[in-house]
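Observations on the three-dimensional arrangement
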Amino acid sequence: MLCIITNFIVVNISKTIKTKILMVNDRVMEKLEILADAAKYDVSCSSALSKRENKNKGLGNAKGYGICHAFTEDGRCVSLLKILLTNHCIFDCAYCVSRKSNDIKRAAFTVQEVVDLTIGFYRRNYIEGLFLSSGIFDNADFTMERLVRIAKKLRTEHKFNGYIHLKAIPGASDELLKEAGLYADRLSVNVEMPTEKSLKLLAPDKNHIDVISPMKYLKNEIIGYKEEKKSNYKTPLFAPAGQSTQMVIGATQENDLEILGMANYFYQQMNMKRVYYSGYVPISYDNRLPAIGTPVPVIRENRLYQADWLIRYYGFDVNEIVGFNQPNLDLDIDPKLGWALRNLNQFPVDINTADLEIIKRIPGIGYLSAQKIVAARKFKKLLPQDLQKMGIAYSRSKYFLAFATPFQLQKDLTSIQIKDHILNFQKSKYKNDFSNQLALF
């Protein structure tokens, strides 16, 4: 089965795989273990939207339907070789495992080693592409030049047409960024912390201006190449999958309003394809960080991604999801349901007459389901049973729908009552689903 991967993690180098990689010597394998493990903290990795085709009988392609998936032992979907070029770094960012003051084992690949690993893994069908980031060796240009050389060798010498995601190093020259965009499908510049104040606290040698500057440059180049492509089909691709960024959340005290406000700025002003949210993981002690043993709950990451999705695809404004009176997302319920409960005056909605935009805002009805509803109602008047056949989460959406014969039981429920009904249903459903599974013993 083929899929468009929206979020990749590091390829798990299991013992079974190790025994098969006969051409990789022990020294390179040791580097691989160190630098693949270090790369897992960078979540800003996606291959969606790239349309690089296979040319001249080369290797692979980066079309969406060409991204195959494999599964790690815990069931996660992966298909990229995700590594750092090096975990040596001149910076001392408190939240980063590779910071210079951290007592860890260091390693660095050569350019040729990364090229050989990528081609070798691709030929064995372990991967479909490469995600390459890096610590900073001596300076930004020195590091960026090596990242570009790797992508260039893969494209020009090995005719590799698979997906390549490169980290754009803040402070690197425009010339190197431009060359990177000609060989990579996606580039990403990590903003790292949601606010300048937090960045100065945890990474005193960095500032947001150095991050925003390459973002602006890449934005303009991407737009320029697209416009030129319209008049000259021979114009080369330039970062066809756009650019992305990542924020560490929970290492400092920013609320969700600040985090989503920054994300919205990137979407509106930088044409960002994706903003990723990386929950702080306590990897080692630093007195600038929260106490060890207090990682960010996964549910907070999940709620931020749900809110992000509403902003990008459902037409929500940030201030509709969070605001000064409620700066943090409700962890008990998803952001769309939270908005609906705060705006019961806009419900119930008659799906047989309502506009598509308001139907998309009904809890339990997704983006594609809303379009199905609008298409289906042209042929008949839709009833509850019709919605259930469409796969809509009717147990949730029914509290916000109006039909010819309203449900009297639900007519005058308060937001608190609706929330309790939905949460209790979810708990009972989970309990029933779990109890129906076959026992192991």
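Above this text you will find the structure in question.
Residues numbered from 1 in each chain as written. Predicted model: local features only at pLDDT ≥ 70, side-chain atom pairs only at ≥ 80, totals over all residues. Heavy atoms only, no water.

**Some words on a nonpolar patch on the surface**
Side chains of Trp-309, Tyr-313, Tyr-367 and Leu-368 sit close together on the surface and give an oily, nonpolar patch of about 410 Å² of accessible area. Counting only elements with at least two residues in the nonpolar patch, the list comes to α9 (298-313) and α13 (367-376). Mapped onto the elements, Tyr-367 comes out in helix α13. (Patch = residues over 30% accessible without salt bridge, like charges linked within 9 Å, V, L, I, M, F, W, Y side chains within 5 Å. Areas by Shrake-Rupley, 256 points an atom, 1.4 Å probe, with all protein chains shown as cover. Salt bridge = Lys/Arg side-chain N within 4 Å of Asp/Glu carboxyl O. Helix = DSSP H or I, 4+ residues; strand = E, 2+ residues; numbered from the N terminus.)

**A short note on empty space enclosed by the protein**
What the rule picks out here adds up to one cavity of 30 Å³ or more. Estimated volume of the largest cavity: approximately 50 Å³. As for the largest cavity, its lining consists of Ile-321, Val-322, Gln-326, Asn-328, Leu-329, Asp-330, Ile-333, Asp-334, Pro-335, Gly-338, Trp-339 and Arg-342. Element by element, the count of residues in the lining of the largest cavity is highest for helix α11 (residues 335-342), at four residues. Among the residues making up the lining of the largest cavity, the classes are represented as six nonpolar, three polar and three charged. (1 Å grid on protein atoms, 1.4 Å probe; cavity = no way out; pocket = protein on both sides within 12 Å on 5 of 7 lines; lining within 4 Å. Points joined across faces, edges and corners; volume = space filled by probe spheres on them. Nonpolar A, V, L, I, M, F, W, Y, C, P; charged D, E, K, R; others polar.)

**Details of the sheet that holds strand β8 (residues 274-279)**
Read from one edge to the other, the open sheet built from six strands follows the order β3-β4-β5-β6-β7-β8, with strand pairing classed as parallel. The outermost strands of the open sheet, each flanked by one partner alone, are β3 (80-84) and β8. When the angles between neighbouring strand axes are averaged without regard to direction, this sheet yields 20 degrees. In terms of strand pairing, β3 meets strand β4 (residues 129-133) through five bridges, oriented parallel. If you follow Ile-83 over to β4, its bridge partner there is Leu-132. Those strands touched by helix α4 (residues 140-157) are β4 and β5 (163-167), and its axis lies near 170 degrees from that of β5. (Pairing = 2+ DSSP bridges. Axes fitted to C-alpha atoms, helices over the stretch in contact; angles between N-to-C directions. Contact = heavy atoms within 4.5 Å.)

**Remarks on the pattern of salt bridges**
The final tally for this structure, using the stated rule, is 17 salt bridges. A salt bridge links Glu-357 to Lys-360; the shortest N-O distance between them is 3.3 Å.

**Considerations on the pairing of strand β7 (residues 243-249)**
With seven of its seven residues buried, β7 lies for the most part within the structure. With burial as the criterion, each face of β7 is covered, one bearing Gln-243, Thr-245, Met-247 and Ile-249 and the other bearing Ser-244, Gln-246 and Val-248. Bridge count for strand β6 (residues 186-188) against β7 is two bridges, and the pairing is parallel. Paired with Ser-188 across the two strands is Ser-244, which belongs to β7. Two strands pair when backbone bridges link them, and β7 and β8 are joined in this way by six bridges, in the parallel orientation. If you follow Thr-245 over to β8, its bridge partner there is Val-275. With helix α8 (residues 256-269) bridging β7 and the parallel β8, this β-α-β connection has right-handed handedness. (Buried < 20%, exposed > 50% of the residue type's maximum accessible area, 1.4 Å probe, protein only. Right-handed = clockwise from strand over helix to strand, strands pointing away.)

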